[in-house]
Structure formats: structure tokens, C-alpha cells
Amino acid sequence: MEMNKREGVFSGLTILAFCWAVVGPLTMKFFADHGATVIRVETSKRPCTMRSSAPYKDNVPNYNKGGYFNYYNSNILSLSLNMQLPEAREIAKRLAVECDVFMENYTPGNMEKWGLGYEELKKLRTDIIMMRQSGYGSWGPYKNLPAFGMVLVPIAGLPNFIGWPGKEPLPVGVSAYTDCISPRFATATLIAALDYRRKTGKGQLLDLSQFETALYFLSPAILEHVSSGREPERIGNSSPDAAPHGVYPCQGDDRWCTIAVSDDEEWVNLCREMGRPEYAEDQRYKTFINRKKNEDELNGIIGAWTSQLAAEDVMERLQAVGVPAGVVKSAADVFDDPQLNKRNIYWPMEHSEMGMFTHLGQSFQLSKTPSKAYSPSPLLGEHTEYICTELLGMPDEEFIDLMQKGVFE
Amino acid sequence: MLSHCRVLDLTDDKGFLCGKTLADLGADVIKIERPGGDPSRKIGGFWKDIPDPEKSLYWFAYNSNKRGITLNIESAEGLEIFKKLVKTADFVIESFPPDYMDKLGLGYSGLSEINKGIIMASITPFGREGPYRDYKDSDIVVMGMSGTLYQTGESDGPPVHISMPQACLHAGADAAVGVMIAYHYREMTGEGQHVDVSMQQSAAWFQANAIPTWELNRKNLKRAGAFRAGMSKDVGQRQVWPCRDGYVFFNVIGGRTGAKSLSALVEWMEADGGATDFLSNMDWDNFDMFTVTKEEMDKISGPVGEFFRSHTSKELLGGAVPRGVSIGPLSSMGDLLNDECLRERHFWKEIEHPELGTSITYPGEFVKSSEVDCSTRFRAPLIGEHNEEVYTEIGLSKQDLIKLKQSGII
């Protein structure tokens, strides 16, 4: 298949992806950002939930003007196919066979319904690599349970670690938090699978459950339970290993700074910087054990100091004397963060419906093969004609005929 | 899948997950600790609450499937031994302060002179360059600077931290992706490269819709407690619902995505006698989250909340599965170990710890491959456990090892 080649590590690699929500595109972005041709199948009959999620350009709901969708889908191509029609399913099969990787994160059963299950694909191409990445795994008792990150967060147990003692558990404020966990595992695995195929000639089925990968972010807590039988308790902003440790109010509306003191030297430096060197010698706070014992009192003293200052001042002054401290950054702060911007976390690109719009960029830096902003997030079906006629070599008449049948809706 | 690859893992807890991921994918990961053991072995909790560097559960969790050796890379002899190991390796991962490896001559340029194909990953709190590069970290500090902390907590209270460290895991997982992309490139060209991972950036990478909401509407998504903010013009949606014996999470989601789950829930409530006419007559397919009013939201939340309160979390999950209602009960750690789905999928693995005279249940695998076993196969190494095995592989004799041990190099 002739591909419009982009430079980059994955130049020439093609992936067919039935992506849903955030997990799909985040996985695909790693490949697309390094030059792979990622073909994302969509349909106007049922657009991705992110296309109908706020915020919108000009505050008007529109599939092509959604900020949520457009933030996460740069460099990805969109092919519109109405999979209810057999012709559409045929096109998907042709692409599946010609692509290097097939990835999907739909509710289990959909691919089989369309004749795109692993066993069927394997008949068409014996060395196919298929990555499935559903909420609870493509088989097992919960396979039919629709999964959203917002629900995977609690079922994986995370809210046990968020909130105040005796109060209700809280969600991670960045909702659907688990959506960023499985894409990393999926990507590392897929690249290993490509290598394995190069070396052995064998493809494979990779079944990843977002639930299970989320538990990898809680492994130590699970082992603690296995060891002691105890359940975790919500501890607010305190820490078993550091005191003082918390979030302190600063000057201004809703401004906060974190401070984490994990040894005596940091404590002495904090006291000095607060202009209260006497506390460093005070028996009530001199040792970690005593600081922990008198933590509430201590938090009051520190809060009284920080609330006189800007959060940025607290951070800069404490960091200058070697005390871990940081501004609690709002989205606006993160957006303007000098460190993150220097590291190209954001890619502003001209988008035909959004105008100049900031897309999510890279999460790490490669010294020789940096990731790249090739194209803004696609309009729904934006690349349908290109993919069918250029990549698949479909004659124009056939394309028009299929279009009239509604195959590309 | 990566059984032909060798990884030298110099990280502390900032980077454990990178090596663990590669080890699960089959790579030979050699954890290199300073003589006496890595300071991260002091991270609690401990097996049976006994503080001991050989009983740190944090260490166990993220160093299984790795071998372990001790080596003082700051000594001249240790440095030479490390360089020998680099010749045999594909990846070097480290999480020292930004210039530490360069000062030892082990920065990327130094390593690539020894082995042109070597892939190096450096995991630091904020990155190797830039205004924050020398800032000191702690998980709460990094999560605060990534944006996650600000959005978590009660709307009228301070931001609330996730008390299990997370930033290091985002960074470790990203490092695994980074080195694999670099590996793909090396397989094409023979050339290695340097992967620079920042914990702040890895944690900031996913902020749901907070960044576009700021850019498009100049609105900072705020903490919303048990609610979800930012999906509607005017109202938040409750996510955390008390049930008879705990909490369940459920999101009212609009359009066709939410319609299936919502109409199945209403049908269930109807059978249970808890549905209202408002709920039964609702056209969920065309229910629009963006324009929903507070009054409508209340008409949904009232009876739904009542329904949840009258059932246990077990009943709710049990009823949700066959009906396809997206309900997530808040699992305790014990619930997870007994979870039907995890059990049936053989997620948990029993790993032998002969020194402790027992086996321990571990999260078993992050992916199931039809070709290769990617599960947790053996426990984390004891201090210096594989010194003899690894050092004899690179040509050191038993006598050498005794001398190196006496001089504190291994």
C-alpha cells in the first residue's frame, strides 16, 4: 500500500484504529507523533463521545469544534465508515490486512459483530498484530460492562486514597484519570510486538484491560493489604513519611503552595526561611516523630506564613534553600508553565474549524528523533477520500458509488 | 517479547516502573543498587510491618521480574565494571539529579562511545533543562505543578492529594514508551539515543478537558468534590453516590454514549419500583449534557440517588453487569483481591518469597499476549542477589568478587 510518508521513527508504519474516548487516541498519538500513518475509523452515525463533549469553540456544540476531542487527536487521520453496511466492513477488512497494526478499544463484541475479531483477521493475515484495550478486558465476566475512566477510577480503588479522614472518598479531579494509564502500557507492548514479528514472523493478539493496568498504579497498596489485611485510610494531604507535608493557602483567590519536608535539614531551612529559626530548636518540632505528632499545629504556623505571600514566592524561596515546594497550578498556570512549554507539551496548530488551537504535544523528549506536529486533529471523515482513493487505490467511480450508498457516513 | 534485550536499571523509586514494564515484556533487567542497598528500600510499608530493606513492599511491587546487583559506580573500579556492563546492554535507565551521570562520564555521550546502540533514559522531577530543573521534588509537589492537584478536592476546601505516589508512575511508564520508540529506531538504524522524561510533564500530559476549557473559555476547571465539572454550561454532575454499605460511582452522560447505560438503569429502577415518570419518559438519546439545567439534573439525581442508597454495592455491581449499566463501586483492596473479573482473568499471581517462608499475591500482568507470557514471574531481588551470576557473565572471577566486596565496590 502506497503511503503518504511522514518522517519519523514510525515512518511508513500504518495502523488501523477503532478508537473510542481518550484511551484510543492517546495510544495512537505516540505512533502518529513519530510519523506513523494512523487511520482512525469514525462515523457520523455515532461520533466519538469526545466529539460531543465540552468545551466547544464559540460555546456551540459541533462535532468538529469540540475542544476535548481536538486536544487529543493531532496527527491522526479520520476515515468515516458506516459499519452497519457490508461495503464499509469490507473496506475495514482490506485496511486491517494491509496495516501493520490493528488497534481497538470498543466495548467487546463490536469487532466480532463486524467480522473483525482476531480469529477472522488472522485468517486474512496470519501475522496480524491486534491490540484490544477495553475497560475490563475483551473476555471475562465484565466484558459487556460499558467502561468509562470515571468509573474505572473507583473500581480500581483509587478514591480510597483521596479525601479527608472520616469524610467521603473523592474522585481524581482530572476525571477519567485512568485514561492515561493503559495507553503507555499498550504502546510499549505494541512496539515490542512489532519487534517480535520482525524477528519471528509471528503476529499476536494483545488483550489489555484498563482496569488491570490501573491496578499497576496501586501495586504497593495492594501488597500492603496482602501483608497486613488492613484497608487504606484517607489521610488528606498528610504523608506517613514527611511532616510538614501539605497544601498551604497563599495570597490571592484560590492560590495554594505545596510543601513537603522529609528530613531535619529541610525543616531547619524552612524555619529559617519563615523567619522563625527558633522552631528548628523547639522540641515539639525538632524530630520527624514530634513534627508528625504536632502536625496540625505545625500546619497552622506554616499556613499563617504562606498566606502572606504569593504562591510563586513561597515556591521560589523554599526551593532556593532546598525545601521541596511548588505552586498548585491551575489549568491556566499549567498552560503558561515555562518548564512544560520549553519541553513542547503543547502544539498550537491552525485547525480549519477551531482556528489557532492548542493540541496536546509530547510527554517526553527523544534526543535524535523528536516527535512532531504534522497535522491538526481531523474533522470527522476528513481523510476518507484520501485513504480510499490514494492509499487503497479505489477507482473514483467506485468511491462515488459507495459514497452514494452512505458507506462513508 | 524482549528476551534478547538487557536493561541496566539505576533508578530509584522515580523510575522503577520503566524497568518493571520492560521486565514484564521479557527483558533481562538488572537492577543496580549501591552497596548496602538502594535507599528506596526504606519506603514503607513493610512485610508484616517489620521495617527491613528486604521487606519493603514498594520495592517488591516495582522490582519483581528484575535481577539485582550492587555496584558503586562512583569508584574508579566500579565505573569500569559498569562500562563493561554497558557493552552488553541495550538500555540504561537512571533517575539521578540532572548532571550526576555526566559528571561520572556516564552521560549519553559517554555511554554511546562505549556502545553506539545504547538507549538511555533519564527520569528527573522536572526535566534535564529549563527553569525548574534543579527544583526538589516530592509527589505532592510534582502533582501540584502538573495541574492534577488543583482540580481534586472539595469545592470549598484546599486541593487534595492522591496519597499513593503517582507522578513517578506516569514518568516510569512514559520512559518505557520512550525507550521502546528509541529501540524501534535503533533496530532500523543501529543508533541509540537519549530519552529525557520529566515527572511533571508526564503527570501534566493528561488533564482531561482542563486545558482546552481554559484556552477556549478562559475558565479554570475548579475542584468539584464528588461532582464532575466542565461538561455542562451551568451544572456539575454527581459522580460519588452513597449506597447502602459504601459508595458507588456513576456518571450521567449525555448523547448516545450515555443513553445505553442510562436507559438500562431506568429500566432497572422501574422493575425495582424506584423510577419516576420524568426518568421513564426521558429521551436519553437526545439528552444533552451541555445544555442540561439544574432542575433537570435534580430530577435525575434525586431518584437515582435514592435507588443507589437502597442497595449494597455488591447488588449494584451484580445488577449492572448483565444490564450494561456503567456503575463503579468503590473497591476496597480486599474487594479487588476477590473481584470476580480479575479472578476469572487470572490477574493475580502468587509469587514465592522463600526468605519470608511464604508466597505473596501480586498484580500479575498488564497485558495478555497470545504468544508470550508477560506476567510477574519472580520476586524482586535481594541486595546483591545476582552479583555472582552477573559479574561472572562479564568475565570476573570469584576471587575478583571477593576483593570487590572487601573494598566496598560491590
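Residues numbered from 1 in each chain as written. Chains lettered and ligands numbered in written order. Predicted model: local features only at pLDDT ≥ 70, side-chain atom pairs only at ≥ 80, totals over all residues.

J.: Would you take a moment to explain unusual backbone geometry for this structure?
T.: In terms of backbone geometry, most residues other than glycine have negative phi values and most peptide bonds are trans. Residue and element names in this part refer to chain A. That bond from Ala54 to Pro55 is cis: its omega, 5 degrees, falls within 30 degrees of zero. Residue placement: Pro55 occurs in the loop between strand S2 (37-42) and helix H2 (67-72). A cis amide bond, omega -5 degrees, links Ala243 with the succeeding residue Pro244. Relative to the elements of secondary structure, Pro244 occurs in the loop between helix H9 (219-228) and strand S7 (245-249). Phi is positive for Asp58, which is not a glycine, with a value near 60 degrees. Counting through the fold element by element, Asp58 comes out in the loop between S2 and H2. Asp58 gets classed as exposed once you count the C-beta atoms within 10 Å, which come to 11. A positive phi angle is found at Asn75, which is not glycine, with a value near 70 degrees. You can see Asn75 is positioned in the loop between H2 and strand S3 (77-80). With 28 C-beta atoms packed within 10 Å, Asn75 lands in the buried category. (Helix = DSSP H or I, 4+ residues; strand = E, 2+ residues; numbered from the N terminus. Buried ≥ 20, exposed ≤ 12 C-beta atoms within 10 Å, placed from the backbone.)

J.: Looking at this model, I keep getting lost on helix H1 (residues 23-32) of chain A. Mind explaining?
T.: A turn of α-helix holds 3.6 residues, and therefore any two residues three or four places apart point the same way. Across the 10 residues of H1 of chain A, 10 count as buried, placing the element largely inside the fold. All of the buried residues along H1 of chain A are Val23, Gly24, Pro25, Leu26, Thr27, Met28, Lys29, Phe30, Phe31 and Ala32 of chain A.

J.: Quick question: what am I supposed to make of the domain arrangement of chain A here?
T.: When the parts of a complex come together, some accessible area is lost, and that lost area is often used as the size of the interface. The assigned domain composition of chain A is domain 1 (14-217 + 343-404) and domain 2 (245-330). Look at where the C-alpha atoms of domain 1 of chain A and domain 2 of chain A centre, and you get two points 43 Å apart. (Domains from an automatic or database assignment.)

J.: Mind showing me how you'd approach the interface of chain B and chain A here?
T.: With 129 residues of chain B at the contact, the number on the chain A side is 122 residues. The leading source of residues in the side of chain B that touches chain A is helix H7 (residues 167-189) of chain B, at 13 residues. For the side of chain B that touches chain A, the residue count by class is 64 nonpolar, 46 polar and 19 charged. Two elements, strand S12 (residues 364-366) of chain A and strand S6 (residues 194-198) of chain B, share three bridges in a ladder whose sense is antiparallel. Residue pairing for S6 of chain B: Leu366 of chain A is matched across the bridge by Val195 of chain B. (Contact = placed C-beta atoms within 7 Å. Nonpolar A, V, L, I, M, F, W, Y, C, P; charged D, E, K, R; others polar. Pairing = 2+ DSSP bridges.)

J.: Sorry, what's going on with the pairing of strand S1 (residues 14-18) of chain A here?
T.: The two faces of the sheet receive side chains in turn, since in a regular strand these alternate between them. Residue and element names in this part refer to chain A. Where burial is concerned, most of S1 is hidden: four out of the five residues are buried. Bridge count between S1 and S2: four bridges; the pairing is parallel. Residue pairing for S2: Leu16 is matched across the bridge by Ile39. Each parallel crossover has a hand, and the one from S1 via H1 to S2 is right-handed. Here S1 runs beside strand S4 (residues 101-104); their pairing, made up of four bridges, is parallel. (Right-handed = clockwise from strand over helix to strand, strands pointing away.)

J.: When you look at helix H13 (residues 313-323) of chain B in this model, what are you seeing that I'm missing?
T.: Residues and elements named next belong to chain B. Of the residues making up H13, those classed as buried are Ser313, Leu316, Leu317 and Ala320. The arc that holds the buried residues of H13, viewed along the axis, is 95 degrees, so those residues lie on one side. Elements that come into contact with the buried residues of H13 comprise strand S9 (240-243), strand S10 (246-250), helix H12 (294-309) and strand S11 (327-329). Taken from the residues just after H13, Gly324 is the one with a positive phi, measuring 70 degrees. (Arc of directions from axis to C-beta.)

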